[in-house]
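Spelled out from the first residue to the last, the chains are:
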Amino acid sequence: MARFLSILPLLAGALAHEHHGTSLFPRAEQLAPPTFGYHGLTGPLNWFNLNQTTNEMCAKGTHQSPIDLSQPFLLASPSSNPQISLSNAPKGAEFINLGTTVEVMGANGTLVKQGKTSNLIQFHFHSPSEHSINGVYYPLEVHFVFQAEDASLSVVGFVIDIGGTSFEPLGALASSLGEIPQRGNETTTKPLDFARLERHFKKHGTYQYSGSLTTPPCSEGVAWTVSAQPLSVDTKAFNAFKGVLKFNARYTQNNPGEVNLLQHIADTL
Ligand SMILES: *[C@@H]1O[C@H](CO)[C@@H](O)[C@H](O)[C@H]1NC(C)=O
Ligand SMILES: *[C@@H]1O[C@H](CO)[C@@H](O)[C@H](O)[C@H]1NC(C)=O
Ligand SMILES: *[C@@H]1O[C@H](CO)[C@@H](O)[C@H](O)[C@H]1NC(C)=O
Ligand SMILES: [Zn+2]
């Protein structure tokens, strides 16, 4: 069951999937055609120039994401993980192709960190992974985006390898990708079960750092938690994700607190 979303006229402001559905951007703007891409002049090297006002941080921010997760001090033991709770969706959830990613909306969940509760807004995928771990990147990455009442964002990320049987709900989602091949396509997923993913998260350490949206406007102050242990999908599921996502990963940013690479290059040209 797939239906076509009406594509509303392009409204002012950047569409970005990282904060899609959060209070930063109302829904009408979310469905507008993307204002950025991953190649050539719409790609990550030029996001700043797409709108120098809104996207300033993409070229000047010094706490940008993604990064290579290799600094041992960023790695926390499982007991320091935020608590996440993701509700199973026996009737499925909304699954949209935004052109820049595929995204699940309407699923429920919470993240509790240092006494503060954030609610799950959406989760979406990148190929290849945006974060690398000790210099190693992975074929996929999933981002669960949570927002607290004060509007602050937390993102829980998992890199995803190929092999074995697919973690749920990744396998179920992969089987619906054929229904949303193009931007604007929307469907309802099969039942989603998060139990194994939640157990995996609790059991393994996480990299935690303060970074940014990995899409324009590259806003900072995003609390990142990336599981140190990859999830996995089987080859068929990977190929389904790859075929729809194409390439949608921002390049590795400088270490948190260090000069933005674009700023550095501009200053030295
Ligand atoms: C940049 O974004 C702002 C805020 O959405 C908008 O007012 C402005 O017109 C945009 N500038 C360009 C050059 O698109
Ligand atoms: C999330 O919770 C709301 C409110 O209880 C419910 O209407 C909705 O169906 C839930 N979403 C899913 C995907 O189950
Ligand atoms: C996906 O959207 C395109 C238009 O962008 C439409 O032609 C096509 O029928 C849609 N596919 C599905 C499976 O809904
Ligand atoms: Zn993302």
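Preceding block: the structure.
Residues numbered from 1 in each chain as written. Chains lettered and ligands numbered in written order. Predicted model: local features only at pLDDT ≥ 70, side-chain atom pairs only at ≥ 80, totals over all residues. Heavy atoms only, no water.

A. Summary view of the overall build of the chain. Check the secondary structure of the chain and you find 7 helices and 15 strands. A buried classification covers 54% of the 269 residues belonging to the chain. Of the contacts made within the chain by residues no fewer than 6 positions apart, 67% connect residues no fewer than 24 positions apart. Within the structure as shown, the chain displays about 11,500 Å² of accessible surface, and the carbon and sulfur contribution to it stands at 56%. (Helix = DSSP H or I, 4+ residues; strand = E, 2+ residues; numbered from the N terminus. Buried < 20%, exposed > 50% of the residue type's maximum accessible area, 1.4 Å probe, protein only. Contact = heavy atoms within 4.5 Å. Areas by Shrake-Rupley, 256 points an atom, 1.4 Å probe, with all protein chains shown as cover.)

B. Region of the structure containing the environment of Phe-194. Tracing the backbone shows Phe-194 in the loop between strand E12 (185-188) and helix H5 (195-203). Separated by 106 residues in the primary sequence, Phe-194 and Asn-88 place their C-alpha atoms 5.8 Å from one another. Dropping the residues within four chain positions of it, Phe-194 is found in contact with Leu-86, Ser-87, Asn-88, Phe-123, Phe-144 and Pro-169.

C. Examining unusual backbone geometry more closely. Looking along the chain, the bond that leaves Ser-65 and enters Pro-66 is cis, with omega of 5°. Mapping Pro-66 onto the fold places it in the loop between helix H3 (56-60) and strand E2 (68-69). Geometrically, the link from Pro-216 to Pro-217 is a cis peptide bond, its omega value of 10° lying close to zero. As for its position among the elements, Pro-217 is in the loop between strand E13 (206-212) and strand E14 (220-227).

D. Structural detail: the site of ligand 2. Lining the immediate environment of ligand 2, one finds Ala-89, Gly-92, Ala-93, Gly-106, Ala-107 and Asn-108. Take Gly-106: an N or O atom from its main chain is 2.9 Å from a nitrogen atom of ligand 2. Note that an oxygen atom of ligand 2 is positioned 2.3 Å from one of the side-chain N or O atoms of Asn-108. Protein contacts shield 38% of the accessible area of ligand 2, which totals 360 Å² for the unbound molecule. (Near = heavy atom within 4 Å. Polar contact = N/O pair within 3.5 Å; in protein donor to acceptor, adjacent residues only side chain to side chain.)

E. Quick look at the nonpolar core. Membership of the largest hydrophobic core comes to 37 residues, with the highest contact counts inside it found for Phe-123, Phe-125 and Phe-144. The element that contributes the greatest number of residues to this core is helix H6 (residues 235-245), accounting for 5 residues. Residues within four places of Phe-123 in sequence aside, it is in contact with Val-102, Glu-103, Val-104, Ala-107, Val-142, His-143, Phe-144, Leu-173 and Phe-194. (Core = buried A, V, L, I, M, F, W, Y, C linked by side-chain atoms within 4.5 Å.)

F. Here's a closer look at the pattern of salt bridges. This structure, assessed with the given rule, holds 3 salt bridges. A salt bridge links Glu-56 to Lys-60; its shortest N-O distance comes to 3.8 Å. Here the residue Glu-56 and the residue Lys-60 both occupy positions in helix H3, the gap between them amounting to 4 residues, near one helical turn. We note a salt bridge from Glu-198 to Lys-202, for which the minimum N-O separation is 3.3 Å. With Glu-198 and Lys-202 both in helix H5 and 4 residues apart, this pair spans about one turn of that helix. With relative accessibility at 48%, the residue Lys-202 sits in the partly exposed group. (Salt bridge = Lys/Arg side-chain N within 4 Å of Asp/Glu carboxyl O.)

G. Layout of the packing of aromatic side chains. Considering all chains together, one arrives at 11 aromatic pairs under this definition. The interplanar angle of 80° and the centroid separation of 5.8 Å between the aromatic rings of Phe-123 and Phe-194 together place this pair among those described as edge-to-face. A residue pair is termed long-range when its members are at least 10 positions apart, and Phe-123 in strand E8 (residues 116-126) and Phe-194 in the loop between E12 and H5 qualify at 71 residues. As far as burial versus exposure is concerned, Phe-123 and Phe-194 are alike and both buried. Here Phe-158 and Phe-201 contribute two aromatic rings whose centre-to-centre distance is 5.9 Å and whose plane-to-plane angle is 70°, an arrangement assigned as edge-to-face. (Phe/Tyr/Trp six-rings, centres within 6.5 Å; stacked < 30°, edge-to-face > 60°.)

Distances and angles like these do not, on their own, reveal function.
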